[in-house]
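Residue-level structural notes
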Amino acid sequence: MRFVTFNVLHGQAMTGGRPVAFGVGEAAGEPLGAAVAALDADVVALQEVDRAQERSGRIDQARVAADAMGAAHWRFASAVHGRSVPGEGWVLDPKAPDLRVYGPPGAGAGAGAGAGTDTDTDAGAAGGVEAYGDAPAHGVALLTRLPVRHWRARRLAPAPFALPLRVAGRPGLVWVRDQPRAVLAAVLEGNAGPFTAVALHLSFVPGWNARQLAAVRRWIADLPRPYLLLGDFNLTGAVPRTVLAATGRERWHDLARTPTYPAHRPLVQFDHILAHGVPPSSVRPALTSATAPLTPLSDHRPLVADVQW
């Protein structure tokens, strides 16, 4: 099976590290759909996904990506509801719940509650897109061609301070406040039985992201193994698997080790696919299975891992 994690930068097309204008209407989703389809994956975790945002053509990016790869099962989870305003950041909707989960039409409704705290919801019948109208949102998505037994979602609280960061399309360093994060877990039906895949996007604040990762590991403790964690961890090298090992005293494997950022000239790896309970013999040698192909999308490259299940 092929597993992919991809921070899509709200579907932003890039040329030489510079953003390209979005298309209009359905054309706004064409670069994202084409990039995801080309990866030909069985399970895809996406980060920085928009829904009904003006900046990205008001489309449902999770649905566009799922349709493009032929994924009948997908969910989008958002802990940020509001509009992205250039130069101002997020203008939040005070009436929206902290966590909402969207899925294909007819999937039911799922929402979390509890402002300002880590909250989670059993999203076994997670929210249909039609359940919440066209409220603008931003978050993570998990898309799969495999049958799904169970969905679960959780919100992670933001760090209480800002940091200077490089932002795609803007010169120099920009002070950026952290934002709430959403995590999605799915119990998938594999050829050898069930396993758990988790899509996550951790904080860029050092220390806070490690704390979030430890919380995610505890949160999935009752779900079936093997575990696969896919996402933008904002952590490099051996740090993610070290944090996980310290949390559960387990051995975790990096299924793909290769730089993914910045996309036009990758120097560091923020994006990871980590596994626990997958026999090392089932994973191809890192040099042959780990790929980070260049796409015309985002300031990250997708990270791809092939597993002989």
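In case you missed it, the structure is sitting above this.
Overview of the structure. Just so we're clear, the structure is a prediction, and the values are computed from it rather than from any experiment.

**A few points about the environment of proline 302**
Note that proline 302 resides in the loop between α5 (286–289) and β20 (303–306). Separated by 295 residues in the primary sequence, proline 302 and asparagine 7 have C-alpha atoms spaced 7.0 Å apart. When near neighbours in sequence (up to four residues on either side) are disregarded, proline 302 contacts Val4, Thr5, Phe6, Leu39, Thr291, Ala292, Pro293 and Thr295.

**Side note on the nonpolar core**
Nonpolar side chains in soluble globular proteins tend to be buried together. By size, the foremost hydrophobic cluster in this structure holds 31 residues, and its most contacted members are Phe3, Ala77, Leu142, Leu184, Leu188, Leu228 and Ile273. The biggest single contributor to this core is strand β15 (residues 181–190), with four residues. Residues within four places of leucine 188 in sequence aside, it is in contact with Val43, Thr144, Leu146, Pro147, Val148, Gly193, Pro194, Phe195 and Ala197.

**What about the pattern of salt bridges?**
Taken as a whole, this structure holds 11 salt bridges when the rule is applied. Close ionic contact of arginine 58 with glutamate 54 constitutes a salt bridge, the shortest N to O distance being 3.8 Å. For the residue pair arginine 58 and glutamate 54, the accessibility class agrees, reading exposed in each case. Beyond isolated ion pairs, a larger network of salt bridges with shared partners links Arg217, Arg225 and Glu250.

**Let's talk about the packing of helix α3 (residues 208–219) against helix α4 (residues 239–248)**
Relative orientation and spacing of two packed helices are given, respectively, by the angle between their axes and the distance between those axes. With their axes 9 Å apart at the nearest point, α3 and α4 run at an angle of 50 degrees to one another. Viewed along their axes, α3 and α4 adopt a mutual orientation that is oblique. Seen along the crossing, α3 lies across α4 with a hand that is right-handed. From α3, Ala210, Leu213, Ala214, Arg217 and Arg218 reach across to α4, where they touch Pro240, Val243, Leu244 and Thr247. Of the residues in the contact of α3 with α4, the class split is six nonpolar, one polar and two charged.

**With respect to the packing of aromatic side chains**
Within the structure shown, the criterion is met by four aromatic pairs. On the basis of an interplanar angle of 45 degrees and a centroid distance of 5.7 Å, the ring pair of phenylalanine 76 and tyrosine 102 is categorised as tilted. A residue pair is termed long-range when its members are at least 10 positions apart, and phenylalanine 76 in strand β5 (residues 73–85) and tyrosine 102 in strand β7 (residues 99–103) qualify at 26 residues. Plain terms: the ring middles of tyrosine 227 and tryptophan 252 are 6.3 Å apart, the flat faces sit at 15 degrees to each other, and that makes the pair stacked.

**Quick notes on the environment of alanine 185**
Residue placement: alanine 185 occurs in strand β15. Spatially, the C-alpha atoms of alanine 185 and leucine 229 are 9.0 Å apart, while their sequence positions differ by 44 residues. Apart from the residues within four sequence positions on either side, alanine 185 is in contact with Leu142, His150, Trp151, Arg152, Ala197, Val198, Trp219 and Leu223.

**Structural notes on the pairing of strand β11 (residues 137–144)**
Burial runs high along β11: eight of the eight residues are buried. As defined by bridge partners, strand β4 (residues 43–51) adjoins β11 across seven bridges and the pair is classed as antiparallel. Bridge pairing in β11 places aspartate 50 opposite histidine 138. Bridge count for β5 against β11 is eight bridges, and the pairing is antiparallel. In the sheet register, serine 78 faces β11, and the bridge partner there is glycine 139.

**A look at helix α2 (residues 61–69)**
Here α2 has its buried residues at Gln61, Ala62, Ala65, Ala66 and Met69. The buried residues of α2 all sit within an arc of 135 degrees when viewed along its axis, so they share a single face. Summarising the contacts, the buried residues of α2 are in contact with α1 (30–39), β4, β5 and β11.

**Describing the environment of alanine 238**
Among the secondary structure elements, alanine 238 is positioned in the loop between β17 (227–232) and α4. For alanine 238, a relative accessible area of 33% gives the class partly exposed. C-alpha separation for the pair alanine 238 and arginine 257, spaced 19 residues apart in sequence, amounts to 9.9 Å.

**Description of α3**
The end-to-end C-alpha distance of α3 is 16 Å, a good match for the 16 Å that 12 residues give at a rise of 1.5 Å each. Burial in α3 covers these residues: Asn209, Ala210, Gln212, Leu213, Ala214, Ala215, Val216, Arg217 and Trp219.

Cut-offs and rules
- Residues numbered from 1 in each chain as written.
- Predicted model: local features only at pLDDT ≥ 70, side-chain atom pairs only at ≥ 80, totals over all residues.
- Heavy atoms only, no water.
- Helix = DSSP H or I, 4+ residues; strand = E, 2+ residues; numbered from the N terminus.
- Contact = heavy atoms within 4.5 Å.
- Core = buried A, V, L, I, M, F, W, Y, C linked by side-chain atoms within 4.5 Å.
- Buried < 20%, exposed > 50% of the residue type's maximum accessible area, 1.4 Å probe, protein only.
- Salt bridge = Lys/Arg side-chain N within 4 Å of Asp/Glu carboxyl O.
- Axes fitted to C-alpha atoms, helices over the stretch in contact; angles between N-to-C directions.
- Parallel < 35°, antiparallel > 145°, perpendicular 65-115°, else oblique.
- Left-handed = near helix turned anticlockwise from the far one by under 90°.
- Nonpolar A, V, L, I, M, F, W, Y, C, P; charged D, E, K, R; others polar.
- Phe/Tyr/Trp six-rings, centres within 6.5 Å; stacked < 30°, edge-to-face > 60°.
- Pairing = 2+ DSSP bridges.
- Arc of directions from axis to C-beta.
- Expected span 1.5 Å × (residues − 1).

Geometric descriptors of this kind do not, in isolation, establish any biological role.
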